[in-house]
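Now for the letters of each chain:
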Amino acid sequence: MRDVRAVVSGMKEFLEVEYSYMIQRLPFSYAGIDGDMGRLGVLLGEVFALAGVGFSGKLAVLNLACGRADETGVLAEAVAPAQVGFYLGMDLRADAIAEAKKRWELPGGEIEFREGNAAMIGRMEGLPEFDLVFIRHQNYWHEPMVWEGILDEALAALKDGGKLVCTSYFDLEHELFTASMRARGARQLANVRNASSRALPDAEGKSVDRWVGVWGK
Ligand SMILES: C[S@@+](CC[C@H](N)C(=O)[O-])C[C@H]1O[C@@H](n2cnc3c(N)ncnc32)[C@H](O)[C@@H]1O
């Protein structure tokens, strides 16, 4: 017969672990974003499976150069059964950060959006090491030297065993990013061309989350 005290103590432990979950308080600001987010969710599922990556426990997640951070909810779903315990989004654009703050809430966890330079993350005090660093639609092509600094910091911010996930709008930009990660000795665990990526009508060769890659340190 099982020891009743062990069962009760297990139940107590289970109830004391606070459950955290992401809430979207505002709809997205543009038509089409809901569809992009649905496709991004599927893509992340595929690339994590391909990379053999699974998450557990409560995670610290860093979303660098996050803009409005529309992907916040999808990211939280993609790491399930893990939960997001701490989430930090950072971007230079004050308007985008203000919008992200209004949109996302994380009961049971801590969520923050900061206007700031992603290349300075290492100098910010009080941050944990991150399980996941996400960069959606990196901009390496536009400002290579700025992004070299951001990538140094992104890798330094990862805990051992942490993963960096990045998406790109176009092929050459993704290749440049990938070459830079390789030069840093990061291990590419998976790289996927998104077959259902939405084309951008005003920019030939560019599409939403066209590429996604996963790296470990
Ligand atoms: C192509 S946008 C992607 C925005 C968002 N991740 C998305 O997918 O909608 C690139 C973002 O990088 C941000 N950015 C560029 N340099 C940055 C830096 N040094 N620190 C923080 N954000 C930066 C820009 O403000 C812009 O929001």
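To keep things clear, this report deals only with the structure shown in the data block.

### So, the sheet that holds strand S3 (residues 83-91)
Okay, so step 1: Reading across from one edge, S5-S3-S2-S6-S7-S9-S8 is the order of the seven strands in this open sheet, with mixed pairing throughout. Each end of this open sheet is capped by a strand with a single partner; those strands are strand S5 (110-115) and strand S8 (187-193). The sheet shows a mean angle of 15° between the axes of neighbouring strands, taken without regard to direction.
Okay, so step 2: As defined by bridge partners, S3 adjoins S5 across six bridges and the pair is classed as parallel. Bridge assignment links aspartate 91 to a residue of S5, and that residue is glutamate 115.
Okay, so step 3: The strands that helix H4 (residues 94-103) touches are S3 and S5; relative to S5, the one it contacts most, it runs at about 165°.
Okay, so step 4: Lying over the sheet, helix H6 (residues 171-183) contacts strand S7 (158-168), S8 and strand S9 (211-216), oriented at roughly 160° with respect to S7.

### Structural notes on the site of the ligand
Okay, so step 1: Not every one of the 16 residues close to the ligand is listed here, only the nearest: Ala65, Gly67, Ala118, Arg136 and His137.
Okay, so step 2: Counting residues per element, the ones that place at least two in the shell around the ligand are S3 and helix H5 (144-157).
Okay, so step 3: Of the residues that constitute the shell around the ligand, the class distribution is nine nonpolar, four polar and three charged.

### Some remarks on H6
Okay, so step 1: Taking 1.5 Å per residue as the helical rise, H6 with its 13 residues ought to reach 18 Å, and the 18 Å between its terminal C-alpha atoms agrees with that figure.
Okay, so step 2: Within H6 the residues assigned to the buried category are Glu173, His174 and Phe177. Buried residues in H6, looked at end-on, bunch into an arc of 100°, giving them a common side. Facing away from the buried side of H6 by more than 90 degrees, the exposed set consists of Leu172, Ala179, Arg182 and Ala183.
Okay, so step 3: The inward-facing, buried residues of H6 abut S7 and S9.
Okay, so step 4: In the stretch just after H6, glycine 185 is the one whose phi turns positive, near 85°.

### Brief notes about the pairing of strand S6 (residues 130-135)
Okay, so step 1: Across the six residues of S6, six count as buried, placing the element largely inside the fold.
Okay, so step 2: Pairing analysis gives three bridges linking strand S2 (residues 58-64) to S6, with the strands arranged parallel. If you follow asparagine 63 over to S6, its bridge partner there is phenylalanine 134.
Okay, so step 3: Remark: the S6/H5/S7 crossover connection has right-handed handedness.

### So, the nonpolar core
Okay, so step 1: Of all hydrophobic cores here, the largest spans 51 residues; its most connected members are Val61, Leu64, Phe130, Leu132, Val133 and Ala154.
Okay, so step 2: Once residues within four sequence positions are removed from consideration, leucine 64 is found in contact with Met90, Ala118, Val133, Ile135, Ile150 and Ala154.

Cut-off values and rules
- Residues numbered from 1 in each chain as written.
- Predicted model: local features only at pLDDT ≥ 70, side-chain atom pairs only at ≥ 80, totals over all residues.
- Pairing = 2+ DSSP bridges.
- Helix = DSSP H or I, 4+ residues; strand = E, 2+ residues; numbered from the N terminus.
- Axes fitted to C-alpha atoms, helices over the stretch in contact; angles between N-to-C directions.
- Contact = placed C-beta atoms within 7 Å.
- Near = placed C-beta within 6 Å.
- Nonpolar A, V, L, I, M, F, W, Y, C, P; charged D, E, K, R; others polar.
- Expected span 1.5 Å × (residues − 1).
- Buried ≥ 20, exposed ≤ 12 C-beta atoms within 10 Å, placed from the backbone.
- Arc of directions from axis to C-beta.
- Right-handed = clockwise from strand over helix to strand, strands pointing away.
- Core = buried A, V, L, I, M, F, W, Y, C linked by C-beta atoms within 7 Å.

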